[in-house]
Amino acid sequence: MALRALFTKTAPTLASGLGPFASAGGSGTRWQGLCHARGLKVAALPDLEYDYGALEPAISGEIMRLHHQKHHKAYVSNYNDALEKLDAAMAKGDVPAVVRLQSAIKFNGGGHINHTIFWKNLKPVNEGGGEPPHATLGWAIDTDFGSLEALVQKMNAEGAALQGSGWVWLALDKERKKLLVEATANQDPLVTKGANLVPLLGIDVWEHAYYLQYKNVKPEYLKNIWSVMNWKYASEVYDSEIA
Amino acid sequence: MAMALPLAYASSVVHPFEAGRLSFSTKATKHKKQIYQFRNVTKVLAYYGLTNPPYKLDALEPYMSRRTLELHWGNIHRGYSDSLNKQLANSPLYGCTMEELIKTTFNNGNPLPEYNNAAEVWNHDFFWESMQPNGGRLPWGGVLDQIEKDFGSFSNFRDEFVHSAMMLFGSGWVWLVLKTNERRLLIVRTSNALCPLVWGDIPIISLDMWEHAYYLDYKDDVSKYVNNFMDHLISWHSATTRMVRAEAFVNLGEPKIPVA
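No experiment lies behind these values; they were computed from the predicted model shown. (Residues numbered from 1 in each chain as written. Chains lettered and ligands numbered in written order. Predicted model: local features only at pLDDT ≥ 70, side-chain atom pairs only at ≥ 80, totals over all residues. Heavy atoms only, no water.)

Student: Could you give an account of the environment of A:Tyr52, with specific residues and numbers?
Tutor: All names here are of chain A. With respect to the helices and strands, Tyr 52 occurs in the loop between strand E2 (42–43) and helix H3 (61–92). The class of Tyr 52 is buried, set by a relative accessible area of 1%. Measuring from C-alpha to C-alpha, the distance between Tyr 52 and Leu 66 comes to 9.5 Å, with 14 residues separating the pair along the chain. Of the polar contacts made by the side chain of Tyr 52, one reaches the side chain of Gln 69; its length is 3.4 Å. (Helix = DSSP H or I, 4+ residues; strand = E, 2+ residues; numbered from the N terminus. Buried < 20%, exposed > 50% of the residue type's maximum accessible area, 1.4 Å probe, protein only. Polar contact = N/O pair within 3.5 Å; in protein donor to acceptor, adjacent residues only side chain to side chain.)

Right, dumping it as structure tokens:
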């Protein structure tokens, strides 16, 4: 309760019309002047659609706050830094520098992409989080996995087995119109596993996503996160890709 | 320095930490024989025991809390050790020291399932011994000389170590290794469970950069964790012992032969 008051974030999202990742520097970032002049689209930290404490007890408010305000923000700023340097290197034709910056772009850009999806994947219980999927997505899950329970079990097994840091995804192969469970390492976005893969749901299994609350008991975290899973978002993405 | 050096160099470590207290920590490699009286079958299993860190769990406060060590050693390290023993119960691998097990299961880059657990058990043992209460500050003697030779100065080395730790993407470890072929010290970053032993190099100091190593104490403030490690936790005693052993395997420099 006090947690909610402390961690309430009610700032409205900037309506930029440039998509979820880009911003023309409108939030007074220090890249605003320089990059606006060059037309470089920098990333911006998206706001959450719910309070930090709204996902309790599945994910604690402390974790949500750190995860969003520290980790995701760091990915955003490091990505923007790397992007600036990349732009400069490309303009100069400095090929070694361009190549050298790729890992930073992949890591921080991937982190930004993955976490942006992740915040949309979660929803408080009283707003529909955890409600199982219906209609098209529900039938597709039954076809491809047998049942929702089987899918959950498969994703939890992948998540528990993942060594080190990474993500577990429910992916849609839009070419073959099939659902898959995939795992990616570190902050690799899902597309690194296949250009046709569209992420429907992702679970962050980096330790920062659960350690403060669940300590090393990762399976407990994986079991509980389903109670705040936003299947509605997954259905929307699925329907728009299948159509 | 007259000291009996076992062939598997890291299998026993002596480090006098507190006044009047000598602690030996040995990696217990026990062979468990089960003799069934009614069947002439002897089953030999390999078993690796979990060793304790060479200090009490609250000895590294305030730079690494007791709670972190309780979870990191008591749950995570113990978990790897238990998983390893479970795997080994059904495996033909036995008679190896921990280092041999790691090299065998690494299988030249195509690791066997036991590799991850074996490497993590060893890595964590090495990590506990790379730290000590009242650690940090400067190395001395041969270690300092070698660092200055290979990095220019101690502060260069320190900066490079911290930078390397900050540049690690994902889970992994940062090592100060003695490269056996290049015959010099180097700072190396490895991912997940990878260990420089598999390349035949000799680790001198390691730092665990998996989030579970620091998250409870430092949350996302990685730079503070790494700097505290360098300033207050790193055990140059251990580094010296390991360097001494390493010099039995790597020739770090011939004596100058005067030109006639």
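Student: Mind laying out the packing of aromatic side chains, listing which residues take part and the relevant values?
Tutor: All names here are of chain B. With the rule as written, the count across this model stands at 25 aromatic pairs over all chains. An angle of 80° between the planes, with centres 6.0 Å apart, marks the rings of Phe 127 and Trp 173 as edge-to-face. Of this pair, Phe 127 sits in helix H3 (residues 113–129) while Trp 173 sits in strand E5 (residues 172–179), and the two are 46 residues apart along the sequence. Note on accessibility: Phe 127 and Trp 173 belong to one class, buried. Linked through ring pairs, Trp 122, Phe 126, Phe 127, Trp 128, Phe 151, Phe 154, Phe 157, Phe 161, Trp 173, Trp 175, Phe 229 and Trp 236 together constitute an aromatic cluster. The side chain of Arg 78 reaches across the aromatic face of Trp 73, ending 5.1 Å from its centre. (Phe/Tyr/Trp six-rings, centres within 6.5 Å; stacked < 30°, edge-to-face > 60°. Lys NZ or Arg CZ within 6 Å of the ring centre and 35° of its normal.)

Student: For the pattern of salt bridges, give the residues involved together with the corresponding values.
Tutor: According to the stated counting rule, one finds eleven salt bridges over all chains in the structure shown. Linking A:Asp188 and A:Lys106 is a salt bridge whose minimum nitrogen-to-oxygen distance equals 3.6 Å. One end of the pair, A:Asp188, is in the loop between strand E4 (178–185) and strand E5 (197–204); the other, A:Lys106, is in helix H5 (residues 102–121), and 82 residues separate them in sequence. Here A:Lys106 falls in the partly exposed class, since its relative accessible area comes to 43%. A salt bridge links B:Arg66 to B:Glu70; the shortest N-O distance between them is 2.3 Å. Placement of the pair is B:Arg66 and B:Glu70 together in helix H1 (residues 66–88), with a separation of four residues, close to one helical turn. The class for B:Arg66 is partly exposed, based on a relative accessible area of 41%. (Salt bridge = Lys/Arg side-chain N within 4 Å of Asp/Glu carboxyl O.)

Student: Give a detailed account of unusual backbone geometry, specifying residues and quantitative values.
Tutor: A:Pro57 follows A:Glu56 through a cis peptide bond whose omega is -5°. Checked against the element boundaries, A:Pro57 lands in the loop between E2 and H3. With an omega of -5°, the peptide bond running from B:Glu61 to B:Pro62 counts as cis. In this fold, B:Pro62 is placed in the loop between strand E4 (42–48) and H1.

Student: Could you give me a rundown of the UniProt feature "domain: Manganese/iron superoxide dismutase C-terminal" (unreviewed entry) in chain A, with the residues and numbers involved?
Tutor: In the UniProt entry, the feature "domain: Manganese/iron superoxide dismutase C-terminal" (unreviewed entry) is given for residues 135–236 of chain A. Across residues 135–236 of chain A one finds 42% helix and 24% strand; the C-alpha atoms that close the span lie 11 Å apart. (UniProt positions renumbered as here; feature names shortened; annotations may be inferred.)

Student: With reference to specific residues and values, describe the UniProt feature "domain: Manganese/iron superoxide dismutase N-terminal" (unreviewed entry) in chain B.
Tutor: Within the UniProt annotation, "domain: Manganese/iron superoxide dismutase N-terminal" (unreviewed entry) is assigned to residues 48–131 of chain B. Here residues 48–131 of chain B runs as 58% helix and 1% strand, with 22 Å between its end C-alpha atoms.

Student: I'd love a proper account of the interface of chain A and chain B, names of residues and values included.
Tutor: If you look at the interface, chain A gives 18 residues, while chain B gives 16 residues. Taken together, both faces of the contact between chain A and chain B bury some 1,800 Å²; the carbon and sulfur share is 58%. Interface area lost by chain A to chain B is led by A:Gln163, A:Glu207 and A:Tyr211, which between them contribute 32%. In this assembly, chain A and chain B are joined by one salt bridge. For the salt bridge of A:Glu62 with B:Lys219, the shortest nitrogen-to-oxygen distance reads 3.8 Å. (Contact = heavy atoms within 4.5 Å. Buried area = accessible area lost by both parts, 1.4 Å probe.)

Student: I'd like a description of the UniProt feature "domain: Manganese/iron superoxide dismutase C-terminal" (unreviewed entry) in chain B, backed by residues and values.
Tutor: As recorded in UniProt, the feature "domain: Manganese/iron superoxide dismutase C-terminal" (unreviewed entry) lies at residues 142–241 of chain B. Taken as a whole, residues 142–241 of chain B contains 45% helix and 23% strand, while its terminal C-alpha atoms sit 11 Å from one another.

Student: So what's going on with the environment of A:Gly130? Residues and values would help.
Tutor: Within the secondary structure, A:Gly130 is located in the loop between H5 and helix H6 (135–145). Apart from residues lying up to four places away in sequence, A:Gly130 is in contact with A:Trp226, A:Ser227, A:Val228, A:Met229 and A:Trp231.

Student: Could you give an account of the state of the cysteines, naming the residues involved and the relevant values?
Tutor: A covalent bond between the sulfur atoms of two cysteines is referred to as a disulfide. Residue and element names in this part refer to chain B. Enumeration over the complete set of coordinates arrives at zero disulfides over all chains. There is no disulfide at Cys 96, and the cysteine sulfur nearest it, in Cys 195, is 15 Å away. What makes Cys 96 buried here is its relative accessible area of 12%. Overall, Cys 195 belongs to the buried group, its relative accessible area being 0%. (Disulfide = S-S within 2.5 Å.)

Student: Could you give an account of the pairing of E5(A), with specific residues and numbers?
Tutor: The side chains of a regular strand alternate between the sheet's two faces. All names here are of chain A. Summarising burial for E5: eight of the eight residues are buried, a large majority. Of the strand pairs in this sheet, strand E3 (residues 166–173) and E5 are connected by seven bridges, and their pairing is antiparallel. Counted as the bridge partner of Leu 172 is Val 198 from E5. (Pairing = 2+ DSSP bridges.)

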